Amino acid sequence: MVYAAIMTQRLTLLRPDDWHLHLRDGALLQAVLPESARHFARALIMPNLVPPVVTAAQAAAYRDRILATLPTGAAFLPMMTLYLTETTDPADVAAAHAGGVVTAVKLYPAGATTNSQSGVTDFGRVRPVLEKMAEIGLPLCVHGEVTDPAVDIFDREAVFIDRVLDPIRRATPGLRVVMEHITTAEGVAYVRSGGRDLGATITTHHLFLNRNHILAGGIRPHYYCLPVAKRESHRQALREAATSGEARFFLGTDSAPHPDHLKEQACGCAGCFTATNTMPLLAHVFEECGALNRLEAFTSRNGAAFYGKAPNDGTLTLVRGDAVTWPAKIETAAGPVTVFDPGCAVHWRVEP
Ligand code: NCD
Ligand code: ZN
Ligand code: ZN
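One structure accompanies this document, and this report is about it. On a predicted model such as this, the values are computed, not experimentally measured, just so you know.

Parameters at a glance
Sequence order as written defines the numbering, with residues in each chain counted from 1. Here every chain gets a letter starting at A, and every ligand a number starting at 1, in the order they are written. This being a predicted model, a pLDDT of at least 70 is required before a residue's local features are given, and a value of 80 or more before pairs of side-chain atoms are given or counted; all residues contribute to the totals for chains, interfaces and linings. As a rule here, side-chain values cover all heavy atoms of the structure and leave hydrogens and water aside. Sodium, potassium and calcium take a 3.2 Å donor cutoff, other metals 2.8 Å, and in both cases only N, O and S atoms count; water is not among them, so sites may look incomplete. Tetrahedral means four donors with every angle between 85 and 135 degrees, whereas square planar (four donors) and octahedral (six donors) require angles over 155 degrees between opposite donors and between 65 and 115 for all others; sites fitting neither are termed irregular. A 1.4 Å probe rolled over the protein chains alone gives each residue an accessible area, and that area as a share of the maximum for its type sets the label: buried under 20%, exposed over 50%, partly exposed in between. Under this scheme, a helix contributes an axis fitted over its contacting stretch, all axes are lines through C-alpha atoms, and angles between N-to-C directions fall in the 0 to 180 degree range. Only DSSP runs of H or I with at least four residues qualify as helices, and only runs of E with at least two residues qualify as strands; both kinds are numbered from the N terminus onward. Note on terminology: angles under 35 degrees are roughly parallel, angles over 145 are roughly antiparallel, angles of 65 to 115 are roughly perpendicular, and the others are oblique. Throughout, a crossing is termed right-handed when the near helix is turned clockwise from the far one, and left-handed when it is turned anticlockwise from it by less than a right angle. A contact between two residues is defined here by any heavy atoms of the two lying within 4.5 Å. Any residue outside Ala, Val, Leu, Ile, Met, Phe, Trp, Tyr, Cys, Pro, Asp, Glu, Lys and Arg is labelled polar, Gly included; the first ten of those are nonpolar and the last four are charged. At least two DSSP bridges between two strands are required for those strands to pair. Whether a crossover is right-handed comes down to one check: with the strands pointing away from the viewer, does the path from the first strand over the helix to the second run clockwise; if it does, it is right-handed. Cysteine sulfurs are considered disulfide-paired once they come within 2.5 Å of each other. Nearness of a residue to a molecule or strand requires only that one of the residue's heavy atoms be within 4 Å of it. Here a polar contact is taken to be a pair of N or O atoms separated by no more than 3.5 Å, where protein atoms must pair a possible hydrogen donor with a possible acceptor and residues adjacent in sequence count only if both atoms sit in side chains. Accessible surface area values rest on a Shrake-Rupley calculation with a 1.4 Å probe, where residue burial reflects the displayed protein chains alone. Just to be clear on terms, a salt bridge is a Lys or Arg side-chain nitrogen sitting within 4 Å of an Asp or Glu carboxyl oxygen.

**Some details on the coordination of the zinc ion (ligand 3)**
Reasoning step 1: Here the zinc ion (ligand 3) is held by His20 (NE2), His22 (NE2) and Asp254 (OD), and the distances to it run 2.0 Å.
Reasoning step 2: Considering all four donor atoms around the zinc ion (ligand 3), angles at the metal cover 95 to 131° and the coordination shape is tetrahedral.
Reasoning step 3: Every donor residue of the zinc ion (ligand 3) comes from the same chain, spaced as H-x1-H-x231-D.
Reasoning step 4: The metal-metal distance between the zinc ion (ligand 3) and the zinc ion (ligand 2) is 3.9 Å.
Reasoning step 5: Judged by relative accessible area, which is 7%, His22 ranks as buried.

Take a look at the structure:
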């Protein structure tokens, strides 16, 4: 890695991976895939399509649709996940893993987020699958929020850790778990309390947003995602964790495109679309935190190590200069999708 402590102008990293990405399907897939493939070598692809990706055959077919959609010459490896339901068969999961089709299984509490209706309500019912996964070393990626309407939305991650995640981990020794898109100091502390079997992804947008950004001075639907951004002290905890260099924390952008008309309505969808500008935005954050020398660990080393993969061969170079711009929206056949705008000047660009 090339950097200098005072005013770095150029930063060359191993090519990054995105360990939590929504590519959707059809028209949206076609429009958003090049945005990720431009900078990322690999991504863990979320299975919350309609209908969800629940079988190995569906995961393989989805992977093939992604590969068929790649721009010519693009080198991008989609790593697939299975959507865990209460009727998932442990033997099917083991076969998908043995066949090299899937890299992880995704747990959505039913009703917690976009397209999570087929997720889990009774966690006891997925115990045999989780035990099989612990046995074969297949990681579980978790959307960590309770859905109990009596629990305040800003508390749902912390309550999930106590009520669901910690009991699951205690009951299933050896299960490798990734807490996806952590948003709280409690999430950071819990991940630090675990061993090498516990990791967490942190998104780009949660390093920029606190809840004031969503709600103060007008409601900003393009800052609304799940888990919802919390108060400023939590954002600071996420920045400290992401820039710490610790192996348990790695990038999962959770780039989650929704056509604008579905976000800008009375009941708007959750999700921020960050595939286009994630790397410049992360360089901005790591520079602010005086941690540019640890950006490569977060984007290109820690996640691969957690998943037992070698880092990528290629590199990506970021250059500091005049304030940069990016398209406000990308056009898709399903309508325009707004690109995440942090609302501050960003001075990093990816060298073409
Ligand atoms: C994601 C989506 O739109 O698929 N939305 C989000 O706000 N993060 C789902 C998810 O990752 O929870
Ligand atoms: Zn989620
Ligand atoms: Zn997501």
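Here the narrative resumes.
**A short note on the packing of helix α5 (residues 156–171) against helix α6 (residues 185–193)**
The relative placement of two packed helices comes down to the angle between their axes together with the axis-to-axis distance.
Reasoning step 1: Running from amino to carboxyl end, α5 crosses α6 at an angle of 20°, the nearest separation of the two axes being 9 Å. Viewed along their axes, α5 and α6 adopt a mutual orientation that is roughly parallel. Crossing handedness for the pair α5 and α6: right-handed. Packed against α5, whose contacting residues are Glu157, Ala158, Ile161, Leu165, Asp166 and Arg169, the element α6 presents Glu186, Gly187 and Tyr190 at the interface.
Reasoning step 2: When its residues are assigned to classes, the contact of α5 with α6 shows four nonpolar, one polar and four charged.

**A closer look at unusual backbone geometry**
Reasoning step 1: The omega torsion across Val50 and Pro51 is -5°, close enough to zero to call that bond cis.
Reasoning step 2: Tracing the backbone shows Pro51 in the loop between β3 (42–45) and α2 (56–69).
Reasoning step 3: Leu226 connects to Pro227 through a cis peptide bond whose omega is -10°.
Reasoning step 4: Mapped onto the fold, Pro227 is located in the loop between α7 (211–215) and α8 (232–242).
Reasoning step 5: The phi torsion at Asn115 lies on the positive side, around 55°, for a residue other than glycine.

**Describing the sheet that holds strand β10 (residues 315–320)**
Sheets are built from strands paired through backbone hydrogen bonds, the pairs being either parallel or antiparallel.
Reasoning step 1: Pairing in this open sheet of three strands is antiparallel, and the strands run β1-β10-β13 from one edge to the other. Every other strand in the sheet has two partners, leaving β1 (10–14) and β13 (348–350) as the edge strands with one partner each. Across the sheet, the mean angle from the axis of one strand to that of its neighbour is 25°, orientation sign disregarded.
Reasoning step 2: In this sheet, β10 lies alongside β1 in antiparallel orientation, the contact comprising five bridges. For Thr12, the partnering residue across the bridge sits in β10 and is Thr317.
Reasoning step 3: Strands in contact with helix α11 (residues 295–306) are β1 and β10; relative to β1, the strand with the most contacts, it is inclined by about 25°.

**Notes on the pairing of strand β2 (residues 17–21)**
Note on strand geometry: in a regular strand, side chains alternate between the two faces of the sheet.
Reasoning step 1: In terms of burial, β2 is largely enclosed, as five of its five residues are buried.
Reasoning step 2: Two strands pair when backbone bridges link them, and β2 and β3 are joined in this way by three bridges, in the parallel orientation. For Asp18, the partnering residue across the bridge sits in β3 and is Ala43.
Reasoning step 3: Running through helix α1 (residues 26–37), the crossover from β2 to the neighbouring parallel element β3 is right-handed.

**Here's the deal with the state of the cysteines**
Note on terminology: disulfide describes a covalent bond linking the sulfur atoms of two cysteines.
Reasoning step 1: The tally for this structure, following the rule as stated, stands at zero disulfides.
Reasoning step 2: The thiol of Cys267 is unpaired, and the distance to the nearest cysteine sulfur, on Cys269, comes to 7.6 Å.
Reasoning step 3: Not engaged in a disulfide, the cysteine Cys272 finds its nearest cysteine sulfur in Cys225; these two sulfurs lie 4.3 Å apart.

**Concerning the site of ligand 1**
Reasoning step 1: Lining the immediate environment of ligand 1, one finds 15 residues, of which Arg24, Asn48, Thr113, Leu226 and Asp254 sit closest.
Reasoning step 2: Side-chain polar atom of Arg24 to an oxygen atom of ligand 1: 2.8 Å apart, as the coordinates give it.
Reasoning step 3: Contact between ligand 1 and Thr113: an oxygen atom at 2.7 Å from a side-chain N or O atom of the residue.
Reasoning step 4: Coverage of ligand 1 by the protein chains reaches 100% of its 310 Å² of free accessible surface.
Reasoning step 5: Broken down by class, the residue content of the shell around ligand 1 amounts to four nonpolar, nine polar and two charged.

**Digging into the environment of Ser255**
Reasoning step 1: Relative to the elements of secondary structure, Ser255 occurs in the loop between β9 (249–251) and α9 (260–263).
Reasoning step 2: Ser255 gets classed as buried once you look at its relative accessible area, which sits at 1%.
Reasoning step 3: Counting along the chain gives 123 residues from Ser255 to Lys132, while the straight-line C-alpha distance between them is 30 Å.
Reasoning step 4: Polar side-chain contacts of Ser255 include one of 3.1 Å to the backbone nitrogen of Thr274.

**A closer look at the sheet that holds strand β6 (residues 140–142)**
Reasoning step 1: The strand order β2-β3-β4-β5-β6-β7-β8-β9 describes an open sheet built from eight strands, whose pairing is parallel. The strands lining the two open edges of the sheet, one partner per strand, are β2 and β9. Taken pair by pair, the neighbouring strands of this sheet meet at an average axis angle of 30°, ignoring direction.
Reasoning step 2: Bridge count for β6 against strand β7 (residues 177–179) is three bridges, and the pairing is parallel. The residue of β7 that forms the bridge with Val142 is Met179.

**Examining the pattern of salt bridges**
Reasoning step 1: Counted according to the given criterion, the structure contains 19 salt bridges.
Reasoning step 2: Note that Glu351 is salt-bridged to Arg10, the shortest N-O span being 2.5 Å. Residue Glu351 is found in the segment after β13, and its partner Arg10 is found in strand β1; the two are separated by 341 residues along the sequence.
Reasoning step 3: For Arg10, a relative accessible area of 43% corresponds to the partly exposed category.
Reasoning step 4: The shortest N-O distance in the salt bridge between Asp17 and Arg42 comes to 2.7 Å. Of this pair, Asp17 sits in strand β2 while Arg42 sits in strand β3, placing them 25 residues apart in sequence.

Distances and angles like these do not, on their own, reveal function.
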